[in-house]
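Chain and residue survey
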Amino acid sequence: MSNASYSGGCQCGAVRFQVNGSLGDASVCHCRMCQKAFGGFYAPLVSVRGAKLTWTRGTPKQFKSSNFVTRGFCGDCGTPLTYDAPDGIALAIGAFDEPQKIVPVVQFGVEGKLPYADLIPTLANRVTMDDLAAAPFLNDIKSYQHPDHDTDTWPPI
C-alpha cells in the first residue's frame, strides 16, 4: 500500500473521510441509476478497494439502489458519497478535497449516455461573476460550504 493520503467529505461537513493508500481506477458512469443518484449527466467515481477508508466525521446514510449496490450520501445535505458493490467501494470524485488530482480513465454505462453529454466541451464558457446583471446577489454571496480541508469542528463557532 502506498503512503498516499486523501481527504474529503460532503458539502455541509457533517460527513468527512480519509483514504490512506493507492486509489484504484477513476471512472465516470453514464447509467441511469448513476445519473439519478448524482442528479447529473454521469457519476464520477474512484475505487478505494485496496486502500484504507476511514469515516472521520459522521457516516453516510445508505440507499440500496439495486439488489447488489448500496449508495451512500450525506443525510443532512444530500451530497452523493459512495457506490458500494460486491467488487468494492468507490467514492465520488467531487467529494474529495482535491478532485482535480483524480483523473477518470474509463467511461461505463455508455448505453445510458445522454445524447448531448459529448457537447459539453463545445458550450460557451463564462465565469460566475459574468452573471451579475442577471443575478446581482452574487456580489454578496457567502458560502456555508465546508472548506476543502479537515477541520476540528464544523460549523465554525
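Further up the page is the structure itself.
The notes below deal with the structure included here. The structure displayed is predicted, hence computed values, not measured ones.

Parameters and conventions
- Residues numbered from 1 in each chain as written.
- Predicted model: local features only at pLDDT ≥ 70, side-chain atom pairs only at ≥ 80, totals over all residues.
- Heavy atoms only, no water.
- Pairing = 2+ DSSP bridges.
- Helix = DSSP H or I, 4+ residues; strand = E, 2+ residues; numbered from the N terminus.
- Axes fitted to C-alpha atoms, helices over the stretch in contact; angles between N-to-C directions.
- Core = buried A, V, L, I, M, F, W, Y, C linked by side-chain atoms within 4.5 Å.
- Buried < 20%, exposed > 50% of the residue type's maximum accessible area, 1.4 Å probe, protein only.
- Contact = heavy atoms within 4.5 Å.

The next thing to look at is the sheet that holds strand E5 (residues 52-57). A sheet is described by the order of its strands in space; here 3 strands give the open sequence E1-E2-E5, paired in antiparallel fashion. The sheet terminates laterally at strand E1 (5-9) and E5, the two strands that pair on one side only. Direction aside, the axes of adjacent strands within the sheet are offset by 20° on average.

On to the nonpolar core, then. Judged by nonpolar contacts, the single largest core of 17 residues is most densely connected at Val19, Leu23, Val46, Phe96 and Ile102. When contributions to this core are tallied by element, the ones reaching two or more residues are strand E2 (16-20) and strand E9 (88-92). Contact partners of Ile102, with chain neighbours within four places excluded, come to Leu23, Ala26, Val46, Ile93 and Phe96. Core analysis: the next-biggest nonpolar cluster, separate from the first, contains 5 residues, Cys29, Cys34, Leu45 and Ala90 among them.

This next bit is on the pairing of strand E6 (residues 61-64). Both E6 and strand E7 (residues 70-73) contribute to a ladder of 4 bridges, which runs antiparallel. Within E7, the position partnered with Phe63 by the bridge is Arg71. A loop of 5 residues connects E6 with E7, the two strands running antiparallel in sequence.

It is worth spelling out the sheet that holds strand E4 (residues 43-47) at this point. In space, the 7 strands of this open sheet follow the order E6-E7-E8-E9-E4-E3-E10, with mixed pairing throughout. The open sheet terminates on both sides in strands that have one partner only, identified here as E6 and strand E10 (106-108). For this sheet, the mean angle separating the axes of adjacent strands, direction not counted, is 30°. Bridge count for strand E8 (residues 80-85) against E9 is 4 bridges, and the pairing is antiparallel. Paired with Asp84 across the two strands is Ile89, which belongs to E9.

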